[in-house]
Amino acid sequence: MTMPSPERRAFHEFVARHRRILLTTHVNPDGDGLGSEVAMALWLRALGRQARILNDSTVPAAFTFLARHLPIETFEEAAAEAAFDATDALIVLDVSNRQRIGRLAPLLDRHLVPVAVVDHHASHASGFGQVNVIEPEASATGEIVYGLIRESGQELDADMAEALYVALIMDTGSFRFSNTDSHAHRMAADLLTHGLDPQRLHAQVHSHASAARLRFFGEVLAALELLEDDRIVVLEAAPEQFQRHGLVGADTDGLVDMPRNIVGVEAVVLFSEVEPGRVKVSMRSTGRLVVDRLAAALGGGGHAHAAGVSLRATRAEARARILPELHRLVVALASEPRP
Ligand code: AMP
Ligand code: MN
Ligand code: MN
């Protein structure tokens, strides 16, 4: 194994210095954030630390099985205040933008808690912790957590391996997305030696769709628009559709990925108006367009090929901010041959 980077060494020293450690991830947590939290909490416990997980938002049904080893708490003012009083340090996973930890962010202002950030997003690369292990080349935050656990000399157990596998498959789209590389596959191969059942895990995380959600996907996909000479797909979801199907913002998960397979498409954008005047923009590139700078310029972020931003705007206003920028990116591509 190569020598740990100075940032990783600082992280191991951070863990050695603190006994009671609180962990968190971004609002509307995904498999990478939750899997990274659970694996890291189990590792910290194996090292003799107290570890507790507290997030802004609830755990989606697909991932509640991860919480069978240890509770994943959801923000509640009094309990969160007490948790901050009773901790020596905070580890923030899968996010390096302070605002994206949601209602925990104001608590950080009132409590002088040392922070370590472990993340793979490039858009806030400096991080807001005393220690920042930010590695944009990692396909998932879980890949960094895996490296940290191995460097510590601590044995990986089956439960840690399961949580890390969930982190890896969710952020790589089960090894389909452009962030998949030999490191991701080597990590998966090693995790499988710890006795997990990939078929069961895939079923567990992908078998939580409801009929309502599929009908909603059907409606939104049926109305897809092709712009820019069929290179950009635009999807829109209206407040009325969320209401009629009884769905919330998190239910759009996976929707924006579906039209990526249309031949010749360079990017997909979903304008999701969860409530009137509040639009979540999700962008996906099929590999040539870089979309995170566009998201970051409007206050969001993400990765080169998967980024998002929340806007106080109607769908029409959000389109007016995003689509001309995408037009510019597509024009810049025009000099390159289409694959
Ligand atoms: P999503 O479109 O929500 O699946 O997000 C795609 C990527 O963009 C993820 O890596 C998110 O962390 C990032 N992202 C989404 N929304 C935001 C936001 N409002 N601010 C910063 N990053 C975001
Ligand atoms: Mn995430
Ligand atoms: Mn991630």
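What you see is a predicted model, and the numbers here were worked out from it, not measured in a lab. (Residues numbered from 1 in each chain as written. Chains lettered and ligands numbered in written order. Predicted model: local features only at pLDDT ≥ 70, side-chain atom pairs only at ≥ 80, totals over all residues. Heavy atoms only, no water.)

Trainee: Please set out the sheet that holds strand β7 (residues 225-227) residue by residue, giving values where relevant.
Mentor: On the basis of which strands lie adjacent, the open sheet formed by six strands has the order β7-β8-β9-β10-β12-β11 and mixed pairing. The sheet is open, and its two borders are formed by β7 and β11 (301-303), each paired with just one other strand. Within the sheet, the average angular offset between the axes of one strand and its neighbour, ignoring direction, is 20°. The pairing of strand β10 (residues 278-285) with strand β12 (residues 306-312) spans seven bridges and is antiparallel. The partner of Ser282 across the bridge, within β12, is Gly308. The strands that helix α12 (residues 315-333) touches are β7, β8 (232-237), β9 (267-275), β10 and β12; relative to β9, the one it contacts most, it runs at about 170°. (Pairing = 2+ DSSP bridges. Helix = DSSP H or I, 4+ residues; strand = E, 2+ residues; numbered from the N terminus. Axes fitted to C-alpha atoms, helices over the stretch in contact; angles between N-to-C directions. Contact = heavy atoms within 4.5 Å.)

Trainee: Requested: an account of the sheet that holds strand β4 (residues 89-93), with residues and values cited.
Mentor: Pairing in this open sheet of six strands is parallel, and the strands run β3-β2-β1-β4-β5-β6 from one edge to the other. Each edge of the sheet is formed by a strand with only one pairing partner; in this case those strands are β3 (72-74) and β6 (131-134). The average undirected angle you get between the axes of adjacent strands in this sheet is 25°. Of the strand pairs in this sheet, strand β1 (residues 20-24) and β4 are connected by four bridges, and their pairing is parallel. Bridge pairing links Ile21 to Ala89 in β4.

So, to be careful, I would describe these as geometric facts and stop short of saying anything about function.
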